[in-house]
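One letter stands for each residue in the lines below.
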Amino acid sequence: MSDAAKLSERIDALEVRLTYQDETIETLNQTITAQWKQIDALTRQIAELRDRLQEAERQAPDPANERPPHY
C-alpha cells in the first residue's frame, strides 16, 4: 500500500471520527439545553410556591406555631 493510500485512509478515518464527535456534541448540547429549560421552569415553580407559602403564613392566625395548651 502506498503512502498516499495510507494517508487517504487515515484522513477518511479521522473524518468519520470528527463527524461522530460533532454529532455527539450536538446531542449533548440539545440535552443540556433541555435540562436548563427544565431547571428554569422548576426554579420558577419553586419561587411561586415560596411566594404562596409566605402569603399563607401572613394570612394565618398569629399563634400558628404555638403548642396546644395540654403540652
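Refer to the structure printed above.
Please read all numbers here as calculations on a predicted model, not as lab measurements.

**Student:** Kindly report on the overall build of the protein chain, identifying the contributing residues and their values.
**Tutor:** Helix and strand content of the protein chain: one helix and zero strands. Relative to a compact globule of 71 residues, whose C-alpha radius of gyration would be 11 Å, the protein chain shows 30 Å and is clearly more extended. Based on the C-alpha atoms only, the size of the protein chain along its principal axes is roughly 95 × 25 × 10 Å. For the protein chain, the proportion of its 71 residues judged to be buried stands at 0%. As displayed, the protein chain offers around 7,100 Å² of accessible surface, 55% of which is attributable to carbon and sulfur atoms. Of the charged side chains in the protein chain, 9 are positive and 14 negative, and the gap between their average positions amounts to 4 Å.

**Student:** Run through the pattern of salt bridges, naming residues and quoting values.
**Tutor:** Following the criterion strictly, the structure yields two salt bridges and no others. Here arginine 44 ties to aspartate 40 by a salt bridge, and the two come within 2.9 Å at their closest N and O atoms. Taken together, the residues span about one helical turn, with arginine 44 and aspartate 40 both in helix H1 (residues 3-59) at a distance of four residues. Among the residues examined, arginine 44 registers a relative accessible area of 52% and is labelled exposed. On the basis of relative accessibility, which here comes to 40%, the residue aspartate 40 falls in the partly exposed class. Here glutamate 55 ties to arginine 58 by a salt bridge, and the two come within 2.7 Å at their closest N and O atoms. One end of the pair is glutamate 55 and the other is arginine 58, both in helix H1 and three residues apart, which spans about a single turn. Overall, glutamate 55 belongs to the partly exposed group, its relative accessible area being 34%. What makes arginine 58 exposed here is its relative accessible area of 58%.

Scoring rules and cut-offs
- Residues numbered from 1 in each chain as written.
- Predicted model: local features only at pLDDT ≥ 70, side-chain atom pairs only at ≥ 80, totals over all residues.
- Heavy atoms only, no water.
- Helix = DSSP H or I, 4+ residues; strand = E, 2+ residues; numbered from the N terminus.
- Rg over C-alpha atoms; globule rule 2.2 N^0.38 Å.
- Buried < 20%, exposed > 50% of the residue type's maximum accessible area, 1.4 Å probe, protein only.
- Areas by Shrake-Rupley, 256 points an atom, 1.4 Å probe, with all protein chains shown as cover.
- Lys, Arg positive; Asp, Glu negative; His and termini not counted.
- Charge placed at Lys NZ, Arg CZ, Asp CG, Glu CD.
- Salt bridge = Lys/Arg side-chain N within 4 Å of Asp/Glu carboxyl O.

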